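Below, each chain spelled out in residue letters.
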Amino acid sequence: MEKDFIALDVKTANPSLDSICQIGIVKFVDGQIVDSWNLIIDPEDWFDPFNVSLHGITEEMVSGKPKYPEIYNRLKEIVNGMVVVHHTAFDKIALSKINEKYSLDPLPVNAWLNTARIVRRTWEQFKDSGYGLVPVSEFLNIKLKHHDALNDAIATGQILLHAIEKTQIDVLNWLIRVNQPITVRERDYAGYKNDIKKEGNPDGDLYGEVAVFTGSFSLPKKDLSIIASQAGCAVDTSFTSKTTILVVGIQNEAALKGAKKSSKHIAAEKRIANGESVRILSEKDFREMCQSNRDI
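So, how was this worked out
- Residues numbered from 1 in each chain as written.
- Predicted model: local features only at pLDDT ≥ 70, side-chain atom pairs only at ≥ 80, totals over all residues.
- Heavy atoms only, no water.
- Helix = DSSP H or I, 4+ residues; strand = E, 2+ residues; numbered from the N terminus.
- Buried < 20%, exposed > 50% of the residue type's maximum accessible area, 1.4 Å probe, protein only.
- Contact = heavy atoms within 4.5 Å.
- Areas by Shrake-Rupley, 256 points an atom, 1.4 Å probe, with all protein chains shown as cover.
- Lys, Arg positive; Asp, Glu negative; His and termini not counted.
- Charge placed at Lys NZ, Arg CZ, Asp CG, Glu CD.
- Pairing = 2+ DSSP bridges.
- Axes fitted to C-alpha atoms, helices over the stretch in contact; angles between N-to-C directions.
- Domains from an automatic or database assignment.
- Buried area = accessible area lost by both parts, 1.4 Å probe.
- Salt bridge = Lys/Arg side-chain N within 4 Å of Asp/Glu carboxyl O.
- Polar contact = N/O pair within 3.5 Å; in protein donor to acceptor, adjacent residues only side chain to side chain.
- Nonpolar A, V, L, I, M, F, W, Y, C, P; charged D, E, K, R; others polar.
- 1 Å grid on protein atoms, 1.4 Å probe; cavity = no way out; pocket = protein on both sides within 12 Å on 5 of 7 lines; lining within 4 Å.
- Points joined across faces, edges and corners; volume = space filled by probe spheres on them.

1. Here we look at the overall build of the protein
And step 1. Helix and strand counts for the protein stand at eleven helices and nine strands.
And step 2. In terms of its C-alpha atoms, the protein occupies a principal-axis envelope of roughly 55 × 50 × 35 Å.
And step 3. Every one of the 296 residues in the protein was classed for burial, and the buried ones make up 53%.
And step 4. Summarising the internal contacts of the protein: among those between residues at least 6 apart in sequence, 71% fall at separations of at least 24.
And step 5. Summed over all atoms, the accessible surface of the protein reaches about 13,700 Å², with 47% contributed by carbon and sulfur.
And step 6. Between the averaged position of the 36 positive side-chain charges in the protein and that of its 40 negative side-chain charges there is a distance of 5 Å.

This is the structure we're talking about:
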């Protein structure tokens, strides 16, 4: 049974996905860890205090550290020809964006494998929600120092091994299974073009994610919701426990009533601080993520 793969996780300096400041990588051979890398890099970008509060990496800590182009060849050697597993789509997309940022070729991986999609197809209680790294690790009794890229990468690999043991589906066959719907769901197209709330396309790469918008955007929210839905992402109008992505646009200062962030933004930050699987994205990053079904 095939159990050779690379597990990977990244951390960013700020909400921009190309501001990677840490990459954690773990190599598994026959289900055992044989090597690991903890790469701290200078993102050549600003550090958001909120991000720093999560992962503890500061601008001072990356001073003198290599920039991404300096570790690129090493990274290529590590992942070359391997199946690379990651929990949710964001690590894959962040690496895609940083490669674009520096005009570098895509990483030469064999395939990318999203363990969040694996979890949702392995354990019934995680089918629709609660499949973030923290709750799944707790369920499987995996020790996790969350928001550290290396530790998160180890946990990601261990989640895959648990799923393999439970389902007897190995790495190569999971590459097929994750692209199949959990259950067949018919989308309700009544009012589809005019309503903001949407079901996600089961065949989309972001199927299982739930997005909410806050602020004003370059496109009407109903158009953004269609883009999201086609990529697999459900869209809601209220920020709830099921929300996994908050897309932040330009805020109306009058509506904020003196606050620096919207109530949805503040709620998202609280859930992230509690270890929940929520991402805060700009409109640009979100649209690129929805349109990015290509391999990195």
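2. Overview of the sheet that holds strand S7 (residues 234–235)
And step 1. One open sheet accounts for four strands, arranged S7-S6-S8-S9; its pairing is parallel. Edge positions in the sheet fall to S7 and strand S9 (279–282), since each of these pairs with one other strand and no more.
And step 2. Relative to S7, strand S6 (residues 210–214) runs parallel, the two sharing two bridges. Residue pairing across strands places Val210 opposite Ala234, the latter belonging to S7.
And step 3. Here helix H11 (residues 283–291) sits on the sheet and contacts S6, strand S8 (245–248) and S9; the angle it forms with S9, its principal contact strand, is near 100°.

3. Let's talk about the domain arrangement of the protein
And step 1. Taken domain by domain, the protein holds domain 1 (5–178) and domain 2 (210–290).
And step 2. Centre-to-centre, using C-alpha coordinates, domain 1 lies 23 Å away from domain 2.
And step 3. Domain 1 puts 16 residues into the contact, and the matching count from domain 2 is 15 residues.
And step 4. When residues of domain 1 are sorted by the area they lose upon contact with domain 2, Phe50, Phe90 and Lys97 head the list and together hold 38% of the total.
And step 5. Measuring nitrogen to oxygen at the nearest pair gives 3.2 Å for the salt bridge that ties Asp285 to Lys97.
And step 6. Remark: the boundary between domain 1 and domain 2 carries three residue pairs in polar contact (both at pLDDT 80 or more).
And step 7. At the level of secondary structure, the elements contributing two or more residues to the side of domain 1 that touches domain 2 comprise helix H1 (49–55) and helix H3 (90–101).
And step 8. For the side of domain 1 that touches domain 2, the element with the highest residue contribution is H3, accounting for four residues.
And step 9. Looking at side-chain class alone, the side of domain 1 that touches domain 2 contains eight nonpolar, six polar and two charged residues.

4. Remarks on the layout of surface pockets
And step 1. Reported here for the largest pocket is a volume of approximately 710 Å³.
And step 2. The wall of the largest pocket is formed by 37 residues, among which Asn51, Ile272, Val278, Arg279 and Ile280 lie closest to the centre.
And step 3. Looking at the lining of the largest pocket, the elements that each hand over two or more residues are strand S1 (5–12), H1, H3, helix H5 (133–139), helix H10 (263–273) and S9.
And step 4. Residues that form the lining of the largest pocket fall into these classes: 14 nonpolar, 14 polar and nine charged.
And step 5. Here the lining of the largest pocket spans two domains, and each of domain 1 (5–178) and domain 2 (210–290) adds at least three residues to it.

5. Let's talk about the pattern of salt bridges
And step 1. With the rule as written, the count across this model stands at ten salt bridges.
And step 2. One salt bridge in this structure joins Lys11 and Asp152, with 2.7 Å as the shortest N-O distance. Placement of the pair is Lys11 in strand S1 and Asp152 in helix H6 (residues 149–167), with a sequence separation of 141 residues. In this structure, Lys11 and Asp152 share a single accessibility class: buried.

6. Section: helix H4 (residues 115–122)
And step 1. With eight of its eight residues buried, H4 lies for the most part within the structure.
And step 2. Along H4, the residues classified as buried are Thr115, Ala116, Arg117, Ile118, Val119, Arg120, Arg121 and Thr122.
And step 3. Residues of H4 that are buried sit in contact with strand S4 (83–86), strand S5 (111–114), H5, H6 and helix H7 (171–177).

7. Description of the side chain of Thr88
And step 1. Within the element layout of this structure, Thr88 appears in the loop between S4 and H3.
And step 2. Apart from residues no more than four positions distant in its own chain, Thr88 is found in contact with Asn114, Ala116, Glu209 and Ser277.

8. Considering the environment of Gly81
And step 1. By the element assignment, Gly81 lies in the loop between helix H2 (68–79) and S4.
And step 2. C-alpha separation for the pair Gly81 and Ala111, spaced 30 residues apart in sequence, amounts to 8.0 Å.

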